[in-house]
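Topology and contacts: notes
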Protein chains: 2
Amino acid sequence: MTATQIDHTDYRILQLLIEDSTLSHKDIGALVHLTGQAVGARIRRMRELEIIEGYTIHWNPLRIGQNIHAFITVFLSTKSDHLPFQEFAKAHDNVAEVHRISGEGCYWMRVRTVNQEALNALLDELLVYGNYRVNLDMGQIK
Amino acid sequence: MTATQIDHTDYRILQLLIEDSTLSHKDIGALVHLTGQAVGARIRRMRELEIIEGYTIHWNPLRIGQNIHAFITVFLSTKSDHLPFQEFAKAHDNVAEVHRISGEGCYWMRVRTVNQEALNALLDELLVYGNYRVNLDMGQIK
DNA sequence: CGGTTCTACTTTCAGCCGGAAAGGAAATGA
DNA sequence: TCATTTCCTTTCCGGCTGAAAGTAGAACCG
């Protein structure tokens, strides 16, 4: 069995859903020349294959006062710090995304806070587990 | 919450939609003690305020053969490299996200490719504009 | 105090969507 | 050739969404 079993039509449906997941199956069907039910079946299949993991919204953090957007590389010194750090990151509301990484550093994470103070508070908590390097987002290009 | 016009109930609705945008207004209403129609009105308002920018899906690049996920910090030496680099990044299909950053480096970007070779090819192209540091995603924690 | 206005909610209703079930067409293999 | 599988279409019903109309409460003001 190959890694993926998705044809061109599936891929088009996927792209349409990424752009706007409120499109009705019927409308998608009109674009890919299928009935809404056939589109529904393909989408269901992609969910079962875990190509589609869920439905969500695209939202603007700036509009609700989440003014700081930071990329943080975390450096952990001891093995025993990993699990506690992961738990910390999972539990912290301001941590939007966390990845284990290769290369310099152990983890990369995306953090959003209302202001600099809140970011500093988070960084202080982070010191318990290890060191970090911070890059602030100064504007999204893409 | 902030200087913006959104109250705690709006925020809860927002969180619920981020988690699962297929929740019916009615079900959301049951959780925040409103009717489905009232929830619908609040969501509509958040769309008008551009807090909610759109509906999309959460999908898994690995399942369709996008096996490499890398975080790249880009270092540009001369001012004149910035615009060409930005154009390059915008045009390149494998570049999923780009931000101007403060701190070490000039830009941060997220790249997905089918394999190591494709990543190397991209990195070669990148050398035209400046230097870079690569971190490979070894697994998403959150 | 009474009247006006505004905001946010609920109720009601019509139309549309999505999933299930049943059936058809094309490809595959014994 | 027939059986099987896959993928599609058609049909149908329950449930959701959005619009419209009505209601309750707060704020404001003469």
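Figured I'd write up the structure that's included with this text. The model shown is predicted, which means the values in this text are computed figures rather than measured ones.

When chain A is fitted to chain B, the residual RMSD is 1.0 Å, and the transformation amounts to a turn of 178° plus an axial shift of 0.6 Å. Seen this way, the second copy is the image of the first under a two-fold rotation axis. The position closest to the rotation axis in chain A is occupied by the C-alpha of Thr56 of chain A, lying 2.7 Å away.

Looking now at the protein's contact with DNA strand D. Around DNA strand D, a shell composed of Leu34, Thr35, Gln37, Ala38 and Arg42 of chain A together with Ser24, His25, Lys26, Gln37 and Arg44 of chain B is seen. In the interface set of DNA strand D, defined as its atoms within 4 Å of the protein, sugar plus phosphate atoms amount to 73%. For DNA strand D, a phosphate oxygen lies 2.5 Å from a polar atom in the side chain of Thr35 of chain A. Elements supplying a minimum of two residues to the surface near DNA strand D: helix H3 (36-48) of chain A together with helix H2 (25-32) and helix H3 (36-48) of chain B. The leading source of residues in the surface near DNA strand D is H3 of chain A, at three residues. Of the residues belonging to the surface near DNA strand D, the class tally is two nonpolar, five polar and three charged.

Take the protein's contact with DNA strand C next. Within the structure, DNA strand C sits among Ser24, His25, Lys26 and Gln37 of chain A together with Leu34, Thr35, Gln37, Ala38 and Arg42 of chain B. Each atom of DNA strand C within 4 Å of the protein belongs either to a base or to sugar and phosphate, the latter forming 68%. One nitrogen or oxygen atom from the side chain of Gln37 of chain A is found 3.3 Å from a base oxygen belonging to DNA strand C. Interatomic distance of 2.7 Å between a side-chain N/O atom of Thr35 of chain B and a phosphate oxygen of DNA strand C. Of all the secondary structure elements, the ones that give two or more residues to the surface near DNA strand C are helix H2 (25-32) of chain A together with H3 of chain B. Per element, the largest residue contribution to the surface near DNA strand C is three residues, and it comes from H3 of chain B.

The rules behind these values
- Residues numbered from 1 in each chain as written.
- Chains lettered and ligands numbered in written order.
- Predicted model: local features only at pLDDT ≥ 70, side-chain atom pairs only at ≥ 80, totals over all residues.
- Heavy atoms only, no water.
- Least-squares fit on C-alpha atoms with pLDDT ≥ 70 in both.
- Near = heavy atom within 4 Å.
- Polar contact = N/O pair within 3.5 Å; in protein donor to acceptor, adjacent residues only side chain to side chain.
- Helix = DSSP H or I, 4+ residues; strand = E, 2+ residues; numbered from the N terminus.
- Nonpolar A, V, L, I, M, F, W, Y, C, P; charged D, E, K, R; others polar.

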